Amino acid sequence: RGELADPRPALAWRCSFRTAASARLSGAARGVRACVAGAAAPFIRRSTRLNRPAGVASAREAYAMSGEGGAPAGGGGGYGGDGGAGAGGGATAAARELPEGAVDATIELEHAIGFAGSVPGALLYHPNGKDFIYVAGGCVVICDFTDPHNQVFLRGHDGNISCLAMSPSGRLLASGQYGENADVCVWDYDNKKLLYRFCEHDFGIVDVAFSDDERLLATIGDVRDKKMFVWDLATGYINASVTQSPLPTERVAFGGMVKNIKRRETTNYQLVTVGNKQVNLWALNPISGELQAAPVAMHSFVRDFTCVLFSADREWLYAGTTTGDFACINVKSRLHQSAVHVCSGGVHSLALAAGGRIVAGGGDGSVLVFRGGGRDWVDEGVINLTGSVKSVHASPAGDEVLAGTSEGYIHRLRVGEPGTLAALLVAENHAHAGAGLGESAGSSSSAAGSLMSDGGAAKPASSFVGGVVSMSYAAGVSDRFATVSEDNTVRIWDASDYTVPVKAFVKDGGHPTSVAYSLDALLSGWEDGHLRCHHADTGEQLWRIADAHRGGITSTIISNNQRFCLTGGVAGEVRVWELRSREMVSHLKEHTMGVTRLTLFDDDVHALSCSRDRSFLCWDLKREKRISSHTQRMGAIHSIALSRDQSLVMTVGQEKRITYWDLRTPEPVMVIDKAHSDGDAEATAIAVAGSLDVFATGGTDASVKLWDVRMGLCLSEGVGHSGTIRDLKFSPDDRQLVSVAQDGGIFVWNVYA
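Residues numbered from 1 in each chain as written. Predicted model: local features only at pLDDT ≥ 70, side-chain atom pairs only at ≥ 80, totals over all residues. Heavy atoms only, no water.

1. A short note on the overall build of the protein chain
A tally of regular secondary structure across the protein chain gives two helices and 58 strands. When contacts within the protein chain are restricted to residue pairs at least 6 apart in sequence, long-range pairs at least 24 apart make up 51% of them. About 27600 Å² of surface is accessible on the protein chain, with carbon and sulfur atoms providing 48% of the total. (Helix = DSSP H or I, 4+ residues; strand = E, 2+ residues; numbered from the N terminus. Contact = heavy atoms within 4.5 Å. Areas by Shrake-Rupley, 256 points an atom, 1.4 Å probe, with all protein chains shown as cover.)

Structure below.
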């Protein structure tokens with residue numbers, strides 16, 4: 001070691017030696033798992049709507065390409081177990097040839113809508129100047145500023161991502177998650193491959209950070225884990241580990257190399273951790289793996305710290321606080337020098353912009369630009385956004401800043417002279433897309449153009465809580481669809497560019513449970529029991545039916561002639577409403593528990609309802625009576641659908657299978673066992689294509705599956721969501737399938753047949 005002019009090249013050898021001993025002590029199953037370069041599954045890139053995936057002539061060829069043992073075809077993704085995880089969020093196919101007579105069809109992920117705006121630092125501006133990266137549930141999504149259709153999905157987590165970081169050159173990404181598999185994934189950005197999976201933490205990952213030379217990665221566990229690791233990215237081994245300080249630690253950052261008394265760089269790395277009323281500077285010897293902490297003297301400045309930033313020369317440190325200011329700390333003296341007031345609601349994010357400016361994101365939605373240096377800063381400009389600003393990240397030149405808010409908005413801010421800000425909306429999403437474990441979906445309060453409604457809160461009407469709860473297409477219209485989410489908004493999406501031309505906000509209706517979309521009106525059911533109607537072009541609330549169902553509405557559909565609608569309720573009622581007069585024309589009550597889904601026959605005379613009481617009923621709406629009843633062996637029925645020729649009824653539920661029924665016979669005519677995750681998961685939603693002999697299901701395993709109706713064969717599996725699928729529908733032209741999930745994501749899948 002002494003013969004080396006620069007001792008840092010010896011870092012990899014020393015780390016390998018000491019970590020090999022550590023691995024022997026902890027055991028092979030418990031220690032560090034690394035996925036070597038090239039071992040990850042291929043990523044999924046968006047393809048055009050009308051073409052098949054590149055190089056795949058048909059679904060039969062996709063099956064043949066998929067290999068043996070059920071391996072993913074075309075970049076399956078999902079949690080990879082020992083040895084790594086798949087990259088991407090696309091479709092997989094069973095590893096077998098399609099039998100004769102099976103439908104030749106597959107699905108591929110076209111676009112993901114969703115942004116985890118409540119995750120701090122979940123939005124990054126790539127140094128190439130044309131890409132930006134963000135978190136959506138359990139996926140890392142790479143987007144192009146100029147083309148909303150061009151997305152790349154990195155899928156390596158089996159739960160919601162809790163933190164995201166990028167190396168200074170943009171060559172590497174790192175992401176962490178909460179949950180049983182609290183892993184850190186390190187990604188090769190250029191090749192879109194998983195390089196390493198670090199599995200030493202328990203419970204969850206709070207933050208990750210790269211060193212300036214991209215040799216090291218620091219990872220912070222949550223308050224139960226209490227550990228901080230520094231990883232050698234040349235080998236994938238642990239370089240150093242220590243108990244967190246402060247406890248809990250909220251953020252970590254590298255600050256170049258430690259400087260000696262003459263302010264010359266040494267061979268030791270410099271880190272900072274902030275959190276519970278404390279700021280610690282650390283010196284890391286990469287040869288010995290020794291980490292030494294040096295607390296910063298804060299004197300009477302007592303705060304909880306939320307974010308941290310080094311100045312460009314690494315001589316100053318700036319730490320945001322929950323009280324709405326940031327502390328200015330001199331690195332050489334390790335003394336708190338001053339505090340700069342920013343906003344109310346706390347400072348949640350900091351970034352360096354052009355000219356040494358600091359951009360601060362506040363909990364009240366404000367983004368401020370500060371000019372100055374050292375301990376003295378003056379605010380130059382401010383702009384107010386919708387939601388708490390949890391992420392700000394500057395462009396390579398520093399003249400632009402990306403800002404992400406907790407309400408799901410991504411803005412591109414131009415930093416002008418002197419410090420003025422101009423905002424451009426890049427993307428809009430439902431709030432709290434995979435906000436994190438245990439976080440509830442809060443209600444938006446200031447969405448532009450929103451409309452307020454009255455009503456009382458109510459108990460939940462579904463056993464699955466959170467995220468986007470329902471979606472709907474208007475009859476004959478494939479380029480727009482509607483969604484409702486537990487951020488209490490109703491939105492219409494344009495499928496050509498994924499913008500939101502129409503949205504409405506309901507203030508006091510509890511959470512929405514269902515939506516039905518026509519060209520004239522948006523009907524939505526709510527937990528307060530009210531049925532609301534918004535204008536499909538303006539979002540203006542046209543009317544509402546108060547107390548349509550006591551305890552809450554669970555399902556809403558519009559008739560094919562668009563003259564009436566059906567609603568299902570928590571108490572098990574099915575009610576028919578005339579849309580023009582808004583009067584109830586029929587009340588049907590035979591279910592003993594809540595109705596979970598409704599569907600209509602093409603004649604608008606007969607309807608089906610399924611319930612948590614294990615049964616589904618067929619109704620004659622003219623005669624207002626039940627004409628058949630079918631009961632499954634155990635568990636609730638989550639969803640119901642009619643086959644294309646309307647001769648069969650298909651149900652999914654807690655029996656963890658797909659059941660085919662003929663209304664003329666009491667017993668099932670066909671059963672698909674172990675439909676999701678080999679029977680470990682429930683199917684929660686089902687939809688049938690209008691012109692193809694296929695149907696789709698979504699489940700608690702977060703997967704979307706495409707099936708052959710006649711043969712009951714799984715044709716393709718789509719992986720990308722990280723939460724329970726709440727609803728899914730085929731577009732009227734059957735070219736696309738849209739799924740919405742508990743993670744807050746809306747995924748648009750291309751259907752190739």
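2. Quick notes on the pairing of strand β46 (residues 615-620)
Counting buried positions along β46 yields six of six residues, so the element is predominantly enclosed. Burial along β46 is two-sided: the face carrying Ser615, Leu617 and Trp619 and the face carrying Phe616, Cys618 and Asp620 are both buried. The pairing of strand β45 (residues 606-611) with β46 spans five bridges and is antiparallel. Note on β46: the bridge partner recorded for Cys610 is Phe616. Linkage of β45 to β46, two consecutive antiparallel strands, is achieved through a turn of three residues, within which Arg614 is found at a positive phi near 80°. In the sheet, β46 pairs with strand β47 (residues 625-631) via six bridges, with the strands oriented antiparallel. Within β47, the position partnered with Phe616 by the bridge is His630. Counting the residues that bridge the hairpin from β46 to β47 gives four residues, and of these Glu624 lies at a positive phi of roughly 55°. (Buried < 20%, exposed > 50% of the residue type's maximum accessible area, 1.4 Å probe, protein only. Pairing = 2+ DSSP bridges.)

3. Brief notes about the nonpolar core
If you look at the biggest cluster of nonpolar residues, it comprises 56 residues, and the most contacted ones within it are Ile133, Tyr134, Leu173, Val694 and Phe730. Among the nonpolar cores identified, the runner-up in size contains 17 residues, and Tyr196, Phe198, Trp231 and Leu233 belong to it. (Core = buried A, V, L, I, M, F, W, Y, C linked by side-chain atoms within 4.5 Å.)

4. Here's the deal with the environment of Thr405
Locating Thr405 in the fold gives a position in strand β29 (residues 400-405). Here Thr405 is in contact with Phe115, Gly117, Leu385, Thr386, Gly387, Ser388 and Val389, once residues within four sequence places are set aside.

5. Focus on the pairing of strand β10 (residues 184-188)
Of all the five residues making up β10, five are buried; the element is thus mostly covered by neighbouring parts of the structure. Side chains of β10 alternate between two faces, with Val184, Val186 and Asp188 and Cys185 and Trp187 buried alike. Summarising the sheet, strand β9 (residues 172-177) and β10 pair through five bridges and their orientation is antiparallel. Pairing of Leu172 across the sheet is with Asp188, part of β10. The hairpin formed by β9 and β10 contains six residues between the paired strands, and Gly179 there has a positive phi angle of roughly 115°. Direction of pairing for β10 relative to strand β11 (residues 193-198): antiparallel, over a ladder of five bridges. Looking at the pairing, Cys185 lines up with Arg197 of β11. Turn length for the β10-β11 hairpin, with the two strands adjacent in sequence and antiparallel, is four residues, and the turn residue Lys192 shows positive phi of about 55°.

6. Regarding the packing of aromatic side chains
According to the stated counting rule, one finds 17 aromatic pairs in the structure shown. Geometrically, the ring pair formed by Phe115 and Tyr134 is edge-to-face, given 5.9 Å between the ring centres and 90° between the ring planes. Placement of Phe115 in the loop between β3 (106-113) and β4 (123-125) and of Tyr134 in strand β5 (residues 131-136) is noted, with a sequence separation of 19 residues between them. Tyr134 carries the same exposure label as Phe115, and that label is buried. Between Phe132 and Tyr134, the ring centres sit 5.9 Å apart and the planes meet at 25°, which makes this aromatic pair stacked. Each member of the pair Phe132 and Tyr134 is classed as buried. Ring pairing ties together the aromatic residues Phe115, Tyr125, Phe132, Tyr134 and Phe145, which thus form one cluster. The positively charged end of Lys192 is found above the aromatic ring belonging to Tyr189, 4.4 Å away from the centroid. Here the basic side chain of Arg412 rests over the ring of Phe145, its NZ or CZ set 3.9 Å away from the ring centre. (Phe/Tyr/Trp six-rings, centres within 6.5 Å; stacked < 30°, edge-to-face > 60°. Lys NZ or Arg CZ within 6 Å of the ring centre and 35° of its normal.)

7. Some words on the sheet that holds strand β50 (residues 657-661)
With antiparallel pairing, four strands are arranged side by side in an open sheet as β48-β49-β50-β51. Looking at which strands have only one partner, the edges of the open sheet turn out to be β48 (637-642) and β51 (670-673). Neighbour-to-neighbour, the strand axes of the sheet open up by a mean angle of 15°, direction not taken into account. Inspection of the sheet shows β50 paired to β51 by four bridges, in the antiparallel sense. Across the sheet, the residue bridging to Ile658 is Ile672, located in β51. (Axes fitted to C-alpha atoms, helices over the stretch in contact; angles between N-to-C directions.)

8. Section: the pattern of salt bridges
With the rule as written, the count across this model stands at 31 salt bridges. Put simply, Lys503 and Glu428 hold a salt bridge, and the shortest N to O gap is 3.1 Å. Here Glu428 lies in strand β31 (residues 421-428) and Lys503 lies in strand β35 (residues 502-505), a separation of 75 residues in the sequence. Given a relative accessible area of 16%, Lys503 falls into the buried group. Look at Glu428 and you get buried, because its relative accessible area is 9%. (Salt bridge = Lys/Arg side-chain N within 4 Å of Asp/Glu carboxyl O.)

9. So, the sheet that holds strand β32 (residues 468-473)
If you walk across this open sheet you meet the four strands as β32-β33-β34-β35, and the pairing is antiparallel. The sheet is open, and its two borders are formed by β32 and β35, each paired with just one other strand. Pairwise comparison of adjacent strand axes, ignoring direction, gives a mean angle of 20° for this sheet. Across five bridges, the pairing between strand β33 (residues 480-485) and strand β34 (residues 489-494) is antiparallel.

10. Let's talk about the side chain of Ser722
Take Ser722: it is sitting in the loop between β55 (714-719) and β56 (725-730). Using a relative accessible area of 16% as the deciding quantity, one classes Ser722 as buried. There is a polar contact of 2.9 Å between the side chain of Ser722 and the backbone nitrogen of Gly138. At 2.7 Å, the side chain of Ser722 forms a polar contact with the side chain of Asn160. (Polar contact = N/O pair within 3.5 Å; in protein donor to acceptor, adjacent residues only side chain to side chain.)

11. Points about the confidence of the model for the protein chain
Confidence in the prediction for the protein chain averages 84 pLDDT; 82% of positions are at 70 or higher. With pLDDT under 50 throughout, residues 435-463 is counted as low confidence; its partners more than four residues away or in other chains account for 71 contacts. (pLDDT = per-residue confidence, 0-100.)

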